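# Notes for the structure review
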Amino acid sequence: MSSKDLKFNSKLIHAGHYNDQYGSATVPIYQTSTFIFENAEHGSKCFAGEANGYIYTRIANPTTRALEQSIAELENGFDGIATSSGMAAVTTIYMALLGQGSHIVSTDAVYGPSRGVMEDHFSRFGVESTYVKTANVENVIKAIRPNTKLLYLESPANPTMEITDIKECSRIAHEKGILVAVDNTFCSPYLQRPLDLGADIVFHSLTKYINGHADIVGGAIVVKDETVYKKVRQMMVMMGCCMDPHQAYMVIRGMKTLGIRIDRSQENAIKIADFLEKHPKVEWVKYPGLKSHPQYELAKKQMGGPGSMISFEIKGGLEAGKILMDNVKVAILAVSLGGVETLIQHPASMTHSKMPKESREKAGITDGLVRFSVGIEDVEDIIGDLEQALNMI
Ligand SMILES: *Cc1c(COP(=O)(O)O)cnc(C)c1O
């Protein structure tokens, strides 16, 4: 039976499995930079793409390929590309698809550096960018220009939890010949599969849910179409932002439990969001699983579940937020997300601090906003922890 016929949790265990000569049950780590050719002819055929064979680890490596094929299968794409980090995936996509005089339309509240590298650096090479609330499709239509080459979406957006209609946006972009790339880090393919919704490219910071154990940094890109895939893969090889085989092994190991980790953290998150929404010291809670979320219905339609990222605003703004963060004991005060441990952070002073206050607030990232990544601990411990820390305010 091909792993393509299996259901999601089975795919996590069996997709992209590498059959080595010793019958190893797990994917071996091919910790090598280069590969021996059988002879001169084999070497030249490998370079010409006429023979199967690895050449050099920056181009491809068996351990890394196992991960790439597995993620491609989970996202229903043509093939995958592993990168050294999530940001390496972002910059590889930008480099492969944009150039002098081209334009990108993007979600305004994207992951901070995804916007920063575009506005501060790609702009130096003549790439133009427009950031809008893609949650409102009209904004996307208005922002498209004749030179728009890429629609770059993040849904749910980070950290405002706004949901973008990927299907509708893809339809609009494709009418104008524009490619659509989606940052699927917050959901993972377990909860959302953008290629099935019409996007052309999906990518991840593997650092988060897919690896899930806060012990490596990595990224991956999955492309639907072979021609675009080859272009993006070539760029990864040229930029040299390949994933190390040991890092790939760690992700393969971590991702086997993706489904059960998300089931558990999501179950916790639903209870925590409920608790926070009722708490008198909390101004508002943004979580796609709450009926109060403005796009509750779209989230239900587009995502397999609301996930385990919660944003909430503390009454008392910055000061109150600081008290909360200094007093939690179970939740860890750290950036990143999607691990087995519950993390708390303050975007205005941490992840989005480089963003000018005006564009930050325009994107909905207010001073008192707290971002909470729910882990797999016992939910009573997380709620008890929040309760005692909120009481200190
Ligand atoms: C963390 C993150 C990234 C960047 O990934 P790194 O692995 O840290 O380079 C990109 N997008 C989102 C949504 C993220 O959370």
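Residues numbered from 1 in each chain as written. Predicted model: local features only at pLDDT ≥ 70, side-chain atom pairs only at ≥ 80, totals over all residues. Heavy atoms only, no water.

A few words on the domain arrangement of the chain. Here the chain is described as being made up of domain 1 (8-255) and domain 2 (258-390). Each of domain 1 and domain 2 has a C-alpha centre, and these two points are 26 Å apart. Taken together, the 39 residues of domain 1 in the interface contact 37 residues of domain 2. At the boundary of domain 1 with domain 2, total buried surface from both sides reaches about 3000 Å², with 60% on carbon and sulfur atoms. Looking only at domain 1, the three residues that lose the most surface to domain 2 are I163, L191 and Y209, adding up to 25% of its buried area. (Domains from an automatic or database assignment. Contact = heavy atoms within 4.5 Å. Buried area = accessible area lost by both parts, 1.4 Å probe.)

With that settled, consider the sheet that holds strand β10 (residues 332-333). Here we have five strands laid out as an open sheet, ordered β8-β9-β12-β11-β10, and mixed in their pairing. Each edge of the sheet is formed by a strand with only one pairing partner; in this case those strands are β8 (282-286) and β10. Alignment of β8 against strand β9 (residues 309-314), held across four bridges, turns out to be antiparallel. Across the sheet, residue W284 finds its bridge partner in β9, namely E313. Those strands touched by helix α11 (residues 258-278) are β8, β9 and β12 (369-373), and its axis lies near 10 degrees from that of β9. (Pairing = 2+ DSSP bridges. Helix = DSSP H or I, 4+ residues; strand = E, 2+ residues; numbered from the N terminus. Axes fitted to C-alpha atoms, helices over the stretch in contact; angles between N-to-C directions.)

To continue, consider the packing of helix α4 (residues 86-97) against helix α5 (residues 112-120). Here α4 crosses α5 at 40 degrees, and the two axes come no closer than 10 Å. Every pair of crossing elements has a handedness; the one defined by α4 and α5 is right-handed. Taken together, the residues of α5 that come into contact with α4 (itself represented by M87, V90, T91 and Y94) are P113, S114, V117 and M118. (Left-handed = near helix turned anticlockwise from the far one by under 90°.)

Attention now goes to the environment of I393. Within the fold, I393 resides in the segment after α15 (379-390). Along the primary structure I393 and G321 are separated by 72 residues, whereas in three dimensions their C-alpha atoms are 8.6 Å apart. Aside from chain neighbours lying at most four places away, what touches I393 is K281, I314, A320, I323 and L324.

Inspection of the entire model under this criterion finds four cavities of 30 Å³ or more. Taken as a whole, the largest cavity holds about 90 Å³ of empty space. If you go around the largest cavity, you meet twelve residues; those closest to its centre are L12, A15, S70, I252 and K256. Those elements that place two or more of their residues in the lining of the largest cavity are α1 (8-14), α3 (62-74) and α10 (245-255). It is α3 that contributes the most residues to the lining of the largest cavity, three residues altogether. (1 Å grid on protein atoms, 1.4 Å probe; cavity = no way out; pocket = protein on both sides within 12 Å on 5 of 7 lines; lining within 4 Å. Points joined across faces, edges and corners; volume = space filled by probe spheres on them.)

The next point concerns the site of the ligand. Residues in contact with the ligand amount to 13 residues; listed here are only the nearest, M87, D183, S205, T207 and K208. In the environment of the ligand, an oxygen atom lies 2.9 Å from a nitrogen or oxygen atom belonging to the backbone of G86. A distance of 2.7 Å is found between an oxygen atom of the ligand and a side-chain nitrogen or oxygen belonging to T207. Here the ligand has 380 Å² of accessible area as a free molecule, and 92% of this is covered by the chains. Partitioned by chemical class, the residues of the shell around the ligand number four nonpolar, six polar and three charged. (Near = heavy atom within 4 Å. Polar contact = N/O pair within 3.5 Å; in protein donor to acceptor, adjacent residues only side chain to side chain. Areas by Shrake-Rupley, 256 points an atom, 1.4 Å probe, with all protein chains shown as cover. Nonpolar A, V, L, I, M, F, W, Y, C, P; charged D, E, K, R; others polar.)

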